[in-house]
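The residues making up each chain are set out below.
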Amino acid sequence: DANAGVEPQTETVWRQADRYKVPRMVFVNKMDKIGADFFNCVEMIEDRTGAVAVPIAFPIGAETELEGLVDLVTMEEWLWQGEDLGASWIKAPIRAELQETADKWRAKLVESAVEQDDEAMMEYLEGNEPDVPTLRKLIRKGTLAMAFVPVLGGSAFKNKGVQPLLNAVVDYLPSPLDVVDYMGFKPGDETETRDIARRADDDMPFSALAFKIWNDPFVGSLTFTRIYSGKLEKGDSFLNSTKGKKERVGRMMIMHSNDRDEISEAFSGDIIALGGLKDTTTGDTLCAVNAPVVLETMTFPEPVIEIAVEPKTKGDQEKMGLALQRLSAEDPSFRVETDLESGQTIMKGMGELHLDILVDRMRREFKVEA
């Protein structure tokens, strides 16, 4: 958030990304908000996280004056046109009053980038700056090695700065092919061995991770799945190796927010939704029946807050039971228990907001007054 900078939530997620060695970029959002300050955020990233923050673009103007951005890789301005929510823009030379700022940050970007490659470093010391394709390659190399963190800015609400962000995701973040082999273990034996490693290769045995369960009002329960290796076709059977149960693919979909496209096959690296799985919950590994593997499982923290919940009418009692069952199947960090002494139903979660949202969802999605 351009006004708040690095928040406690940011730091938590950052530590998590450090732990799992996930390369990252930062998008400074809400540049149209009062008090927005892009360069203050860049400074805060370095202070709070200890990372080297390298802007690859910076916004032109802030608050109501946000009109475009300076691309430090190609050294030109992107200016948004009209009221079509950032969908059209023109590119122009950098204006005189921004040239000095642009040169200063461009120098930092190039210095950080050429440190990734001895040859480029020698060239740079001789006074030759890398050309745009070389610079992109070096930024990618540095991002993947976590030597620095590229930073961009904009306003997602108005779609301003989102196209450069998506371009940067494609240009600088790892594709499934850049990731080291995923180490798994055989069901029942938790020693990770190389012979059952998996990687993004369609010819390897199928393996995937169910990472989210979602109740769709039209399709029923959907299991969001990331395929790590091999491919999956409609009608295939596979093993849920976490639970030791067989499942069969009914419907396969590619999700676009709340729209879905039916598909008949999916390949490694894809993120798909499977309909009609019976025993699969969040964090389960799905794999080929003849090549069982369990991928790294997710760990969920213990709940920190609990509240009692009760239905307003007798009619809501049954609906509430069903709603709580569905919600706890979707979210493993949410637990429901019955207090034996008082007979109350207790909801346990990660914080007040977590439980507020779940109660709100019971009202909206399951029409339970509680």
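Residues numbered from 1 in each chain as written. Predicted model: local features only at pLDDT ≥ 70, side-chain atom pairs only at ≥ 80, totals over all residues. Heavy atoms only, no water.

Per the secondary structure count, the protein includes eight helices and 20 strands. Buried residues in the protein amount to 41% of all 370 residues. Counting only contacts in the protein whose residues sit at least 6 apart along the sequence, the fraction spanning at least 24 positions is 62%. Total accessible area on the protein stands at roughly 20100 Å², and carbon and sulfur atoms take up 52% of it. Treating the 43 positive side-chain charges of the protein as one cloud and the 66 negative ones as another, the clouds have centres 7 Å apart. (Helix = DSSP H or I, 4+ residues; strand = E, 2+ residues; numbered from the N terminus. Buried < 20%, exposed > 50% of the residue type's maximum accessible area, 1.4 Å probe, protein only. Contact = heavy atoms within 4.5 Å. Areas by Shrake-Rupley, 256 points an atom, 1.4 Å probe, with all protein chains shown as cover. Lys, Arg positive; Asp, Glu negative; His and termini not counted. Charge placed at Lys NZ, Arg CZ, Asp CG, Glu CD.)

Time to look at unusual backbone geometry. For Met-146, which is not glycine, the phi dihedral falls at a positive 60°. Inspection of the secondary structure puts Met-146 in the loop between helix 5 (132-144) and strand 7 (149-153). Its identity is not glycine, yet Lys-367 carries a phi of approximately 55°, on the positive side. As for its placement among the helices and strands, Lys-367 is situated in the segment after helix 8 (352-366).

Take helix 4 (residues 118-125) next. The opening residue of helix 4, the one whose side-chain oxygen lies 3.1 Å from the backbone nitrogen of Glu-119, is Asp-117. Gly-127 lies just past helix 4 and shows a positive phi near 100°. (Polar contact = N/O pair within 3.5 Å; in protein donor to acceptor, adjacent residues only side chain to side chain.)

Let us look at the environment of Arg-198. One can find Arg-198 in the loop between helix 6 (162-172) and strand 8 (207-216). Between the C-alpha atoms of Arg-198 and Phe-366, which are 168 residues apart in sequence, the distance is 40 Å. Beyond its immediate sequence surroundings of up to four residues, Arg-198 is in contact with Asp-181, Tyr-182, Met-204, Pro-205, Ser-207, Ser-229, Ala-291 and Val-293. Of note is the side chain of Arg-198, whose polar atom sits 3.3 Å from the backbone oxygen of Ala-291.

By definition, the strands of a sheet pair up through backbone hydrogen bonds, in either a parallel or an antiparallel sense. Taken together, the three strands give an open sheet; going across it, the order is 18-20-19, and neighbouring strands pair in antiparallel fashion. With one partner strand each, in any of the chains shown, strand 18 (305-309) and strand 19 (335-338) form the two edges of the open sheet. For this sheet, the mean inter-axis angle between neighbouring strands, taken without regard to orientation, is 30°. The sheet contacts of helix 7 (residues 314-330) involve strand 18, strand 19 and strand 20 (345-349), and relative to strand 20 the element is tilted by about 20°. (Pairing = 2+ DSSP bridges. Axes fitted to C-alpha atoms, helices over the stretch in contact; angles between N-to-C directions.)

Now for the nonpolar core. Grouped together as the largest cluster of nonpolar side chains are 48 residues, with contacts concentrated most on Val-28, Ile-56, Val-70, Leu-109, Ile-139 and Val-151. Per-element tally for this core: the top contributor is helix 3 (residues 96-114), with seven residues. The residues contacting Val-70, other than those within four sequence positions of it, are Ile-56, Ala-57, Phe-58, Ile-60, Glu-76, Glu-77, Ile-94, Leu-98 and Ala-102. (Core = buried A, V, L, I, M, F, W, Y, C linked by side-chain atoms within 4.5 Å.)

If you trace the eight strands from one edge of the open sheet to the other, you get 12-11-17-8-9-16-13-14, paired in antiparallel fashion. Each having just a single partner strand, strand 12 (245-248) and strand 14 (259-263) make up the two edges of the open sheet. Geometrically, the sheet is characterised by an average inter-axis angle of 40° between neighbouring strands, direction not taken into account.

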